[in-house]
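Next come the chains, spelled out residue by residue.
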Amino acid sequence: QVQLVESGGGLVQPGGSLRLSCAASGFFFSSYGMSWYRQAPGKERELVAFIASAGGSTNYADSVKGRFTISRDNAKNTVYLQMNSLKPEDTAVYYCSMIRGGTRYWGQGTQVTVSS
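Residues numbered from 1 in each chain as written. Predicted model: local features only at pLDDT ≥ 70, side-chain atom pairs only at ≥ 80, totals over all residues. Heavy atoms only, no water.

1. Things to note about the sheet that holds strand 7 (residues 68-73)
- Strand order in the open sheet made by the four strands is 1-3-8-7, with antiparallel pairing throughout. Here the strands that pair on one side only, and so sit at the sheet edges, are strand 1 (3-7) and strand 7. Geometrically, the sheet is characterised by an average inter-axis angle of 15° between neighbouring strands, direction not taken into account.
- One ladder, built from six bridges, connects strand 7 with strand 8 (residues 78-83); its direction is antiparallel. Across the sheet, residue threonine 69 finds its bridge partner in strand 8, namely glutamine 82. (Pairing = 2+ DSSP bridges. Helix = DSSP H or I, 4+ residues; strand = E, 2+ residues; numbered from the N terminus. Axes fitted to C-alpha atoms, helices over the stretch in contact; angles between N-to-C directions.)

2. So, unusual backbone geometry
- Phi angles above zero are rare outside glycine, and asparagine 77 is one such case at about 50°.
- Along the polypeptide, asparagine 77 turns up in the loop between strand 7 and strand 8.
- Overall, the relative accessible area of 28% leaves asparagine 77 in the partly exposed class.
- Unusually for a residue other than glycine, serine 85 sits at a positive phi of about 50°.
- Structurally, serine 85 is set in the loop between strand 8 and strand 9 (92-100). (Buried < 20%, exposed > 50% of the residue type's maximum accessible area, 1.4 Å probe, protein only.)

As structure tokens, then:
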């Protein structure tokens, strides 16, 4: 079955950096686009970044363009989210996600808190 396991969250000061990882299993990883979403308290879950299966195409939410970078290592079945110049408004639970057969799958999420 599809499993997505996020890691790398934590507490960081404004302006700092974090790198999130999502280890995937249960499907042919290199054949699927992968996404990072986030959900802040009291807000809807929103798409942060997407990377195509081959890794050549990416897109980002306007709020993170120029600060976040999504990448993938198909040999390791892992997708990453490098987050730089973090702001308090980036505080959220971050989720890894993919769609297979019309079903969207989610990881358990990892908390990112940006605070001084």
